[in-house]
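Here are the chains, one letter per residue:
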Amino acid sequence: MREELLAIIEKNSRIDLKELAIILGVEEADVVNELAAMEAEGIICGYHTLINWEKTSNEKVSALIEVRVTPQRGQGFDSVAERIYKYPEVRSVYLMSGGYDLMVILEEKTLREVSSFVSDKLSTLDAVLSTATHFILKKYKDHGTVLSQKKEDEREKITP
Amino acid sequence: MRNPLADKVVEIKPSGIRKFFDIVSEMKDAISLGVGEPDFDTPWHIRDEGIYSLERGRTFYTSNAGLKELRQEICNYLQRKQGISYDPLTEVLVTVGGSEAIDMGLRAMINPGEEVLIPQPSYVSYEPCAILAGAKPVIINLKAENEFRLTAEELEEAITEKTKILILPFPNNPTGAIMERKDLEAIAEVIIKHDIFVMSDEIYSELTYKEKHVSIAELPGMKERTILINGFSKAYAMTGWRLGYACGPAEIIKQMTKIHQFAIMCAPTTSQYAAVEALKNGDEDIAQMRTAYNQRRRFLMNAFREMGLECFEPYGAFYVFPCIKEFGMTSEEFATRFLEEEKVAVVPGTAFGDCGEGYLRISYAYSLENLKVAIGRLEHFINGLRSKEK
């Protein structure tokens, strides 16, 4: 049931528990227990909302920053990653394979906020060797959801 | 002027669905639970393969029986899913949807006056195709008390010396009924005893929610007397691609291929290339769609229980078939009033045979959100009917 439950709430975390139990064919109490267990195990880390900020007509931007760093003795990349993710303006930090080490994502910042973060905070860290900042121009699809279009049901209304 | 028409064709009743369709299409704001096709788009990797085949200029005919590669993949699939082995060169015909396979199969096998057994409620095309092939259709009325499965007794009772073919439409449209192995074993025994053939329409084989689909062709002694019909429409959400297939004894497939060659030439080439991709890499898509259908099925069954609407639990296809006899209306009256008063379209059970009287076909090839709205209106409607009775 776990995988099916996760697949449902990943798309719709606002679904009510009774309905979840019905469509999974289990008792409501089982759903409650399973959710609590997965929260405790850190499998479920939050119930967020997918927002298309472009539609809110603010002038903010999102940036992906590729960061090359020197791993720290005994701690690898973890300690430098921590120094970076502790900044509240950082949305995500991933350790990457390939040409750079950390992918740092800032969302909904002004251009000035992004540049000051990169030049004053990120670049000045001792472990950071270089950064490359990319601005997101348009989001087409996020978290598996296509942001731009709503699809109409074009099927014939009655078919055998 | 002379009568331009063939009597045989004029005498065929128009599909019961057609009439309803005309009413619904005039109502702009109606919501529908009336479609017999998936709400999903064909998975992208399959569509992409179709597009790629066009880009490569693969716009020619294929061999009459279908691309060899596709026939091979169909055989691999049936081996993998049902454990039946067919020879791709002689025992497979790729058709324009499962519907063409039904037509070709009947035309290839029927001599004038031979009888075709058609369990109903079932898909609308068996009876007219049988008539056009020169057969006498013999209807077996399935019963709600048997969960609309075909029993050996019902079959035995319908067989005469002229019986040639039994059409076996499971998982069933419109009832959602399935036949489990034990049910099929009982049927197979009767079939073999009377030396008749089976046309097994398994187009919904991937959509079962209790146990894996069993084909009657898997049973001992049955492969040689079964035409297995399946296709891509329901499993891979590929209705508009018009692609299906028939597998069976080489001598029958050979004759079907002959008529197919003259009538159709070959199934659409683009669709055939896309279908190869579907069979090779589509198992995960099927599993995901099946999970979604099953969630909706559970939602509907629960909603019916809560509103006290009688319905046996169907384990196949994407239909539920609730009973509306308590309201003292015919299926058509109920469906028409429901449409007029609540603006929701469902299909009267009678569109699938007279014994569908007292039932409605409700499709769950819709998102949960849509189903919720429609079912809310159904509840409002039947509560209204019940309060008037009091």
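Residues numbered from 1 in each chain as written. Chains lettered and ligands numbered in written order. Predicted model: local features only at pLDDT ≥ 70, side-chain atom pairs only at ≥ 80, totals over all residues. Heavy atoms only, no water.

Engineer: Give a detailed account of the overall build of chain A, specifying residues and quantitative values.
Structural biologist: Across its full length, chain A carries 5 helices and 6 strands. Start at the N end of chain A and walk to the C end: the helices and strands fall as α-α-α-β-α-β-β-α-β-β-β. Relative to a compact globule of 160 residues, whose C-alpha radius of gyration would be 15 Å, chain A shows 21 Å and is clearly more extended. For chain A, the spread of C-alpha atoms along the three principal axes comes to 65 × 40 × 25 Å. (Helix = DSSP H or I, 4+ residues; strand = E, 2+ residues; numbered from the N terminus. Rg over C-alpha atoms; globule rule 2.2 N^0.38 Å.)

Engineer: Got a sec to walk through the overall build of chain B? Specific residues and values, please.
Structural biologist: The number of helices and strands found in chain B is 13 helices and 12 strands. Computed over the C-alpha atoms, the radius of gyration of chain B is 21 Å, within 12% of the 21 Å expected from 2.2 N^0.38 for a compact globule of 390 residues. Along the first, second and third principal axes, the C-alpha atoms of chain B reach 65 × 60 × 55 Å. Burial analysis of chain B (390 residues in total) assigns 59% to the buried set. In chain B, the share of contacts with a sequence separation of at least 24, taken over all contacts with a separation of at least 6, comes to 76%. For chain B, the separation between the mean place of its 45 positive charges and that of its 57 negative charges on side chains is 2 Å. (Buried < 20%, exposed > 50% of the residue type's maximum accessible area, 1.4 Å probe, protein only. Contact = heavy atoms within 4.5 Å. Lys, Arg positive; Asp, Glu negative; His and termini not counted. Charge placed at Lys NZ, Arg CZ, Asp CG, Glu CD.)

Engineer: Residues and numbers for the domain arrangement of chain B, please.
Structural biologist: Residues and elements named next belong to chain B. We note that the domain assignment places domain 1 (7–42 + 284–380) and domain 2 (60–281) within chain B. Measuring from the centre of the C-alpha atoms in domain 1 to the corresponding centre in domain 2 gives 24 Å. At the interface, 35 residues of domain 1 touch 35 residues of domain 2. In total, about 3,000 Å² of surface goes out of reach between domain 1 and domain 2, with carbon and sulfur atoms giving 65% of it. Among the residues of domain 1 in contact with domain 2, Ile286, Tyr315 and Phe352 are the three that bury the most area, contributing 22% of the side total. Between the two partners, domain 1 and domain 2, sit 1 salt bridge. At the junction of domain 1 and domain 2, the tally comes to 14 residue pairs in polar contact (both at pLDDT 80 or more). (Domains from an automatic or database assignment. Buried area = accessible area lost by both parts, 1.4 Å probe. Salt bridge = Lys/Arg side-chain N within 4 Å of Asp/Glu carboxyl O. Polar contact = N/O pair within 3.5 Å; in protein donor to acceptor, adjacent residues only side chain to side chain.)

Engineer: How would you explain helix α2 (residues 16–26) of chain B if you had to name every residue and give the values?
Structural biologist: In an α-helix, one full turn covers 3.6 residues, which means residues spaced three or four apart are oriented alike. Residues and elements named next belong to chain B. Looking at α2, one finds that the buried residues are Ile17, Phe20, Phe21 and Val24. Taken down its axis, α2 places every buried residue within 110 degrees of arc, on the same side. Among the exposed residues of α2, those pointing more than 90 degrees away from its buried face are Lys19 and Glu26. Buried residues along α2 sit in contact with α12 (331–342), β10 (344–345) and β11 (347–348). (Arc of directions from axis to C-beta.)

Engineer: Lay out the pairing of strand β6 (residues 197–201) of chain B in plain terms, naming residues and giving numbers.
Structural biologist: All names here are of chain B. Along β6, 4 of the 5 residues are buried, which leaves the element largely enclosed by surrounding structure. The pairing of strand β5 (residues 163–168) with β6 spans 4 bridges and is parallel. The residue bridging leucine 168 from the neighbouring strand is serine 200, located in β6. Read as a crossover between parallel neighbours, the route from β5 over helix α8 (residues 181–193) to β6 is right-handed. Summarising the sheet, β6 and strand β7 (residues 226–231) pair through 4 bridges and their orientation is parallel. (Pairing = 2+ DSSP bridges. Right-handed = clockwise from strand over helix to strand, strands pointing away.)

Engineer: Kindly report on the sheet that holds strand β3 (residues 102–109) of chain A, identifying the contributing residues and their values.
Structural biologist: Strands in a sheet are paired, the pairing made by backbone hydrogen bonds, and the direction either parallel or antiparallel. Residue and element names in this part refer to chain A. The 4 strands are arranged β2-β3-β1-β4 in an open sheet whose pairing can be described as antiparallel. Looking at strand neighbours, the two that pair on one side only are β2 (90–95) and β4 (128–135), the edges of this open sheet. Sheet twist, expressed as the mean angle between neighbouring strand axes with direction ignored, is 20 degrees. (Axes fitted to C-alpha atoms, helices over the stretch in contact; angles between N-to-C directions.)

Engineer: Talk me through the pairing of β2 of chain A; I want residue IDs and the actual numbers.
Structural biologist: All names here are of chain A. Bridging between β2 and β3 involves 5 bridges; their strand directions are antiparallel. Each bridged residue has a counterpart across the sheet, and for serine 92 the counterpart in β3 is isoleucine 105. Joining the antiparallel neighbours β2 and β3 is a turn of 6 residues, in which glycine 98 adopts a positive phi near 105 degrees.

Engineer: Could you give an account of the sheet that holds β11 of chain B, naming the residues involved and the relevant values?
Structural biologist: Residue and element names in this part refer to chain B. Spatial strand order, β9-β12-β11: 3 strands in an open sheet with antiparallel pairing. Each edge of the open sheet is held by one strand with a lone partner, namely β9 (319–320) and β11. The pairing of β11 with strand β12 (residues 360–363) spans 2 bridges and is classified as antiparallel. Within the sheet, the bridge partner assigned to proline 348 lies in β12 and is leucine 360.

Engineer: Hey, could you go over the packing of aromatic side chains for me, with residue numbers and the actual values?
Structural biologist: Residues and elements named next belong to chain B. Applying the stated criterion to the full structure yields 18 aromatic pairs over all chains. Relative to phenylalanine 338, the ring of phenylalanine 334 lies with its centre 6.2 Å away and its plane at 55 degrees, an arrangement referred to as tilted. Linking phenylalanine 334 with phenylalanine 338, this pair stays in helix α12, spanning 4 residues, or about one helical turn. Pair check on accessibility: phenylalanine 334 and phenylalanine 338 agree, each one buried. (Phe/Tyr/Trp six-rings, centres within 6.5 Å; stacked < 30°, edge-to-face > 60°.)

Engineer: Give me the packing of helix α1 (residues 2–11) of chain A against helix α3 (residues 28–40) of chain A: which residues, what numbers.
Structural biologist: Residue and element names in this part refer to chain A. Relative to each other, α1 and α3 sit at 80 degrees, their axes nearing to 11 Å. Here α3 runs roughly perpendicular to α1, going by the angle between their axes. Residue-level inspection shows Arg2, Leu5, Leu6 and Ile9 of α1 in contact with α3, the latter providing Val31, Glu34, Leu35, Ala37 and Met38. Tallied by class, the residues present in the contact of α1 with α3 amount to 7 nonpolar, no polar and 2 charged. (Parallel < 35°, antiparallel > 145°, perpendicular 65-115°, else oblique. Nonpolar A, V, L, I, M, F, W, Y, C, P; charged D, E, K, R; others polar.)

Engineer: Would you mind going over the pattern of salt bridges in detail, with residue names and values included?
Structural biologist: Residues and elements named next belong to chain B. Taken as a whole and judged by the stated rule, the model has 34 salt bridges over all chains. Residues aspartate 103 and arginine 107 are paired through a salt bridge, measuring 3.1 Å at the closest nitrogen-oxygen approach. Of the two residues, aspartate 103 and arginine 107 are both situated in helix α5 (residues 97–109); the distance of 4 residues between them amounts to about one turn of the helix. Since its relative accessible area comes to 38%, arginine 107 is described here as partly exposed. Each of Glu147, Arg149, Glu180, Lys182, Asp183 and Lys210 takes part in one network of salt bridges that share partners.

Engineer: If you had to explain the interface of chain B and chain A to someone new, which residues and values would you point to?
Structural biologist: A common way to report how large an interface is uses the accessible area buried once the components associate. Each side of the interface is counted separately: chain B has 34 residues, and chain A has 16 residues. At the junction of chain B with chain A, the criterion picks out 4 salt bridges. A salt bridge links lysine 151 of chain A to aspartate 41 of chain B; the shortest N-O distance between them is 3.0 Å. The interface formed by chain B and chain A contains 16 residue pairs in polar contact (both at pLDDT 80 or more). Going through the elements one at a time, α2, α11 (283–307) and α13 (368–389) of chain B are the ones with two or more residues in the side of chain B that touches chain A.

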